Amino acid sequence: MDDDIRPDVEALRTALAAHGITLPSLGVDVVTLAGSSIRPPLVALGDCNVATARHLAEVLLKAAGG
């Protein structure tokens, strides 16, 4: 299994940026990356302010047709 999820993180960062959304802490969860597990590493979405959370919710709801 390919555990290099950096391209996926960058793709997510780019997709979010296309909607004017920045998650400052977006990155690879280093704990799951370093662990020897059968599960793939996790993407750390991190913290964001309320305005960013609202904007993200609006974009996701619009994309879902709501």
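Details of the structure are given in the entry above.
Residues numbered from 1 in each chain as written. Predicted model: local features only at pLDDT ≥ 70, side-chain atom pairs only at ≥ 80, totals over all residues. Heavy atoms only, no water.

Draft legend 1. Spotlight on the overall build of the protein chain. Tallying secondary structure elements over the protein chain gives three helices and two strands in all. Walking the protein chain from its N terminus toward its C terminus, one meets helices and strands in the order α-β-α-β-α. Relative to its length of 66 residues, the protein chain is extended, with a C-alpha radius of gyration of 14 Å against a globular reference of 11 Å. Overall size of the protein chain, expressed as C-alpha extent along the three principal axes, is 40 × 25 × 15 Å. Per-residue burial over the protein chain gives 15% buried out of 66 residues. Accessible surface for the protein chain amounts to roughly 5,000 Å². Of this, 60% is attributable to carbon and sulfur atoms. For the protein chain, the distance from the average position of its 5 positive side-chain charges to the average position of its 8 negative side-chain charges is 8 Å. (Helix = DSSP H or I, 4+ residues; strand = E, 2+ residues; numbered from the N terminus. Rg over C-alpha atoms; globule rule 2.2 N^0.38 Å. Buried < 20%, exposed > 50% of the residue type's maximum accessible area, 1.4 Å probe, protein only. Areas by Shrake-Rupley, 256 points an atom, 1.4 Å probe, with all protein chains shown as cover. Lys, Arg positive; Asp, Glu negative; His and termini not counted. Charge placed at Lys NZ, Arg CZ, Asp CG, Glu CD.)

Draft legend 2. How the structure looks around the pattern of salt bridges. Following the criterion strictly, the structure yields two salt bridges and no others. Between Asp4 and Arg6 there is a salt bridge; the shortest N-O distance is 2.8 Å. Owing to a relative accessible area of 54%, Arg6 belongs among the exposed residues under this scheme. Residues Arg13 and Glu10 are paired through a salt bridge, measuring 3.3 Å at the closest nitrogen-oxygen approach. Of this pair, Arg13 and Glu10 both sit in helix α1 (residues 6–17), three residues apart, which is roughly one turn of that helix. (Salt bridge = Lys/Arg side-chain N within 4 Å of Asp/Glu carboxyl O.)

Geometric values such as these leave the question of function open.
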